[in-house]
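Geometric and topological summary
Below are the chains, spelled out letter by letter.
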Amino acid sequence: MSNTLTLKPYIELVRTHCHRLSSSQLIDLLCSIAQEVPTKERQSFLEKLEITATIPSDPSDSAEDVEDILERIEDIIEEILERQESIEDGSYYEIYEDYSNYYDDEPEIMSPEQQKELEEIFAEADQLFLSGELASARKVYQQLFSIFLHSSELKLYYEINRQDIDINWQETLARYCRSVYETVATADRTQQVLDAMEVDYPVAGQYDDPYEKWLPSLQDVYNARPEDISEWDDFLQGIQTALQRKRDNRAVLLCLEAIYLTDSLQGLATAVRQKKSPVGYLYWLTQLEEEALWEETAQAALEALDSMPPDRLRTAAAAALIRAGKQTEKKDLVLHGKQEQFFSEPNGQHLDCWLEEARKQEAKEEMLHTALAFLNNRLEGSQKETSWQESRFFLLKIKVLLLLGRLEDAFAEIDGKAAVGWSNSKQTTAVVYTCVLLALVRCSVEARTIHDLFSGYLALSNEKTITDEILQHLAKADSAAQEEWFQFAERMTQTRIDHIVSNKYRKAYARAAEVLGGYMEALILNDRKDQAVEFLRLNRNQKYNRFSAFRAEIQRVTGRSPLLAGL
């Protein structure tokens, strides 16, 4: 669906307004518009008025102009092909002696001059369309679109990205489709318009906007001209017949739109339930929301969530339920929607949003136990997860345990020997390590280095509620396991330092110095300063006294910490 004001309703609004004005008011309005035209465009503005008012178009001149335009497009295609061929065989770098980025950047597969000329030809095609010369416009549009959407047929070496051209793709494609609609035989109309609408384009199912904003809808085609379109209802019936059995997202959406335009929401609901397509459910929800039918939106969203697999599309359906819940002031729907967003795409941001809502509704404990059961099921269930997914679910589980105040359980779950890989598969160990240090110092603000570690491994910008909750629990952590945690912290700190520094991983020296500083802060705040000084002397003055870069990083860390300065 388009958010852009298309031509037909735009012209109707202008016409309706103009009918309300007197002749003098219209003159004043036109003069006011003329005053706002930039100086360099005034001549063009006057020419447009003169052409519209006094100079009729000559069809023979137009035909000649179109042939010239098509020849120019052919020339550009040939130039682009030659340019790409020279890039492919390397001769480009010999032709353009001033090209200095041979080893750094590949040259553009289309020159700026070629881009600009194609944009100008698109503008000329638009002028043909707006002046009613639809057959000519169709020829030009078709040739232009072949460069960007069907480049394989031109045997180009590299595909050309449509984003290289600064035009409104949705409106331009809609104009092309309208040109096709009004210039082909009735018997061929349905299929040719569908081809022009790129019905087989692989709309990606993982995107929130399954229509993809650059592709036109049927309504966009209808609105491409201010004039009414003939035999529209018959065309919509033909679309439904042609696409009834197709399962690709783009085809499903066009079929459902045709049904909606013909049979309104009731017919659409029936068709969506029959097709059970995820993008179909989202299209249905979009129409309900546009008509502000919030009770119906809530019911449709619940139905969609029961039918859709967990992915980004289901997340979008959950978001529709949240909006409906807010509009109907039903807090349970909002909370349920945020839960389903997490179930659809388990990640820290969705967990944070769910937790924040649960906290508002005083349902935090139940929410966290539900999340924990879900994550345990994903980790222990029969469904085979990828190693990346398994690591992500495990990290989320550790966060939930910490949110429940179960640091000891989280500690028992991690790999207690994983001193490396903290930025990847062993991030859970890093998270628990920093939480153990914070628990040992009761989250004292003096422990600046420990808080820096916490920020680096856990306190993400989009997880503020999670961070705040965990810090509250750590500040009240039971000290029964204090000695065990100190032993763990010392072992992990020393192992991490030894691995990084002895292997001369210079880029990681800063990380080694940070864990050294964090562990020392924990010792000092627990009245173990002598132990901290000894640990520092061991690593700075004895084991790694010859590693000047590491010693410099230690100096940086100790210099930033009020507790460590001067040691």
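Refer to the structure above for everything that follows.
Reading the values: the criteria
- Residues numbered from 1 in each chain as written.
- Predicted model: local features only at pLDDT ≥ 70, side-chain atom pairs only at ≥ 80, totals over all residues.
- Heavy atoms only, no water.
- Helix = DSSP H or I, 4+ residues; strand = E, 2+ residues; numbered from the N terminus.
- Rg over C-alpha atoms; globule rule 2.2 N^0.38 Å.
- Buried < 20%, exposed > 50% of the residue type's maximum accessible area, 1.4 Å probe, protein only.
- Contact = heavy atoms within 4.5 Å.
- Areas by Shrake-Rupley, 256 points an atom, 1.4 Å probe, with all protein chains shown as cover.
- Lys, Arg positive; Asp, Glu negative; His and termini not counted.
- Charge placed at Lys NZ, Arg CZ, Asp CG, Glu CD.
- Salt bridge = Lys/Arg side-chain N within 4 Å of Asp/Glu carboxyl O.
- Axes fitted to C-alpha atoms, helices over the stretch in contact; angles between N-to-C directions.
- Parallel < 35°, antiparallel > 145°, perpendicular 65-115°, else oblique.
- Left-handed = near helix turned anticlockwise from the far one by under 90°.
- Nonpolar A, V, L, I, M, F, W, Y, C, P; charged D, E, K, R; others polar.
- Phe/Tyr/Trp six-rings, centres within 6.5 Å; stacked < 30°, edge-to-face > 60°.
- Patch = residues over 30% accessible without salt bridge, like charges linked within 9 Å, V, L, I, M, F, W, Y side chains within 5 Å.
- Core = buried A, V, L, I, M, F, W, Y, C linked by side-chain atoms within 4.5 Å.
- Arc of directions from axis to C-beta.
- Disulfide = S-S within 2.5 Å.
- Polar contact = N/O pair within 3.5 Å; in protein donor to acceptor, adjacent residues only side chain to side chain.

**Here we look at the overall build of the chain**
Each helix and strand in the chain was counted, giving 27 helices and zero strands. For the chain, the C-alpha radius of gyration of 33 Å lies well beyond 24 Å, the compact-globule estimate for 567 residues. In terms of principal-axis extent, the alpha carbons of the chain reach across some 95 × 65 × 55 Å. By residue count, 47% of the 567 residues in the chain fall in the buried class. Taking the contacts inside the chain whose residues are at least 6 apart along the sequence as the reference set, 65% of them involve residues at least 24 apart. Roughly 29,400 Å² of accessible area belongs to the chain as shown, and the carbon and sulfur atoms make up 46% of that amount. Distance between charge centroids for the chain: 11 Å, based on 62 positive and 98 negative side chains.

**A word on the pattern of salt bridges**
Following the criterion strictly, the structure yields 28 salt bridges and no others. Of the charged contacts in the structure, one is a salt bridge between Arg273 and Glu303, with a shortest N-O distance of 2.8 Å. Of this pair, Arg273 sits in helix H12 (residues 249–275) while Glu303 sits in helix H14 (residues 294–307), and the two are 30 residues apart along the sequence. Overall, Arg273 belongs to the partly exposed group, its relative accessible area being 39%. Given the relative accessible area of 23%, Glu303 is considered partly exposed.

**Considerations on the environment of Trp485**
Positionally, Trp485 belongs in helix H24 (residues 482–502). A relative accessible area of 3% means that Trp485 is categorised as buried. Through-space distance from the C-alpha of Trp485 to that of Phe411 is 9.0 Å; in sequence the pair is 74 residues apart. Once residues lying within four places of it in the same chain are set aside, the contact partners of Trp485 are Leu407, Glu408, Phe411, Val436, Ala439, Leu440 and Asp478.

**Brief notes about the packing of helix H13 (residues 278–290) against helix H15 (residues 312–327)**
The N-to-C vectors of H13 and H15 enclose an angle of 25°; their axes lie 9 Å apart at closest approach. Overall, the two elements H13 and H15 adopt an arrangement that is roughly parallel. For the crossing formed where H13 meets H15, the hand is left-handed. Here H13 contributes Pro278, Val279, Leu282, Leu285 and Glu289 to the contact with H15, which in turn contributes Leu313, Ala316, Ala317, Ala320 and Arg323. Classifying every residue of the contact of H13 with H15 gives eight nonpolar, no polar and two charged.

**Describing the packing of aromatic side chains**
Counting across every chain of the model gives 29 aromatic pairs. Between the aromatic rings of Phe411 and Phe488, the centroid separation amounts to 4.9 Å while the plane-to-plane angle is 90°, which identifies the pairing as edge-to-face. Here Phe488 lies in helix H24 and Phe411 lies in helix H20 (residues 407–413), a separation of 77 residues in the sequence. Phe488 matches Phe411 in its accessibility class, with the two residues each being buried. Seen from their ring centres, Tyr519 and Phe535 are 4.9 Å apart, and the 75° between their planes marks the pair as edge-to-face. Here Phe535 lies in helix H26 (residues 529–543) and Tyr519 lies in helix H25 (residues 509–524), a separation of 16 residues in the sequence. Here Tyr519 matches Phe535 in class, with each residue buried. Taken together, Phe122, Tyr141, Phe145, Phe148, Trp169, Tyr176, Tyr201 and Trp214 form an aromatic cluster joined through their ring pairs.

**Describing a nonpolar patch on the surface**
A cluster of nonpolar side chains, namely Leu5, Tyr10, Leu13 and Val14, defines an oily patch on the protein surface of about 390 Å² accessible area. By secondary structure assignment, the location of Leu13 is in helix H1 (residues 7–19). Take Leu13: its relative accessible area is 54%, and that puts it in the exposed class.

**Re the nonpolar core**
Ranked by size, the top nonpolar core spans 90 residues in total, and within it Ile73, Leu118, Val140, Phe148 and Leu218 carry the most contacts. Looking at this core, the element that brings in the most residues is H12, giving 14 residues. Once residues within four sequence positions are removed from consideration, Leu218 is found in contact with Met197, Trp232, Phe235, Leu236, Ile239, Leu254, Glu257, Ala258 and Leu261. Membership of the second largest hydrophobic core comes to 81 residues, among which are Leu402, Leu453, Ala481 and Leu516.

**Side note on a negative patch on the surface**
Together, Asp65, Glu67, Asp68, Glu71, Glu74, Asp75, Glu78, Glu79, Glu82, Glu85, Glu88 and Asp89 make up a region of like negative charge exposed at the surface. Take Asp89: it is sitting in helix H4 (residues 59–89).

**A few points about helix H22 (residues 448–457)**
Helical geometry: 3.6 residues make up each α-helical turn, so side chains three or four residues apart lie on a common side. Of all the residues in H22, the buried ones are Thr449, Ile450, Leu453, Phe454 and Tyr457. Across the axial projection of H22, the buried residues extend over an arc of 145°, all falling on one side. Next to the buried residues of H22 lie helix H21 (427–440), helix H23 (464–474), H24, H25 and helix H27 (548–560).

**Some points on the state of the cysteines**
This model, assessed by the stated rule, comprises zero disulfides. Unpaired in this structure, Cys18 has its nearest cysteine sulfur neighbour in Cys31, at a distance of 14 Å. Cys18 sits in the partly exposed class, given a relative accessible area of 26%. Here Cys177 stays free of any disulfide, with the sulfur of Cys255 as its closest cysteine sulfur at 17 Å. The class of Cys177 is buried, set by a relative accessible area of 0%.

**Comments concerning the side chain of Asn223**
The residue Asn223 is located in the loop between helix H10 (218–222) and helix H11 (232–243) in this model. One polar contact links Asn223 to Thr6, side chain to side chain, over a distance of 3.1 Å. Excluding residues that lie within four positions of it along the chain, Asn223 makes contacts with Thr6, Leu7, Lys8 and Pro9.

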